[in-house]
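Chain by chain, the residues:
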Amino acid sequence: NQEIDALKAKLKTATTGAADARASLTAGLADAKAAFDRQIQAGEKELNAAASWEGEAMTKKRQLESAQETMRGLRKELADAKAKTASSLERETAAKAEAASLKREAAATAGVTAAATAGAKAATTAGGAPDAAP
């Protein structure tokens, strides 16, 4: 009987120890699972944030490309406007030079006309009409 009681006591101690070990293991697994879940959630948040940043970066890149295209168009328009302005200035300068030439020509013609008129008046007052050419 004594041996049986001793064996029963050992069995009870072993059963209690196994139950305690199982409870400890279960608690440890629950803690590990909770920590793992927190790490997964943190990783998902970081992944979502990175995806959001990537989306924003792509949007900014498209905006930059669009702005660069607009700048190229504006530079072309500016170059065209400069070329037209230079062409207009050349035409204006040529027109001014031609106008000045015409003014000089008109002044010379007016001088010749005035001299001829003065000569005709002088001839008329000096002795009649000028001789007609044969």
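The preceding data block contains the structure.
Here goes a summary of the coordinates provided. It should be emphasised that the depicted structure is a prediction, and the values quoted were computed from it without experimental measurement.

Basis of the calculations
Residues numbered from 1 in each chain as written. Predicted model: local features only at pLDDT ≥ 70, side-chain atom pairs only at ≥ 80, totals over all residues. Heavy atoms only, no water. Salt bridge = Lys/Arg side-chain N within 4 Å of Asp/Glu carboxyl O. Helix = DSSP H or I, 4+ residues; strand = E, 2+ residues; numbered from the N terminus. Buried < 20%, exposed > 50% of the residue type's maximum accessible area, 1.4 Å probe, protein only.

## Some details on the pattern of salt bridges
Here is step 1: Applying the stated rule across the entire model yields four salt bridges.
Here is step 2: Glu69 serves as the salt-bridge partner of Arg72, at 2.8 Å between the closest nitrogen and oxygen. Residue Arg72 and its partner Glu69 are located together in helix H1 (residues 2-127), separated by three residues, close to a single helical turn.
Here is step 3: The class of Arg72 is partly exposed, set by a relative accessible area of 45%.
Here is step 4: Judged by relative accessible area, which is 48%, Glu69 ranks as partly exposed.
Here is step 5: Here Lys76 ties to Asp80 by a salt bridge, and the two come within 3.2 Å at their closest N and O atoms. One end of the pair, Lys76, and the other, Asp80, are both in helix H1, four residues apart, so they sit about a helical turn from each other.
Here is step 6: Here Lys76 falls in the exposed class, since its relative accessible area comes to 53%.

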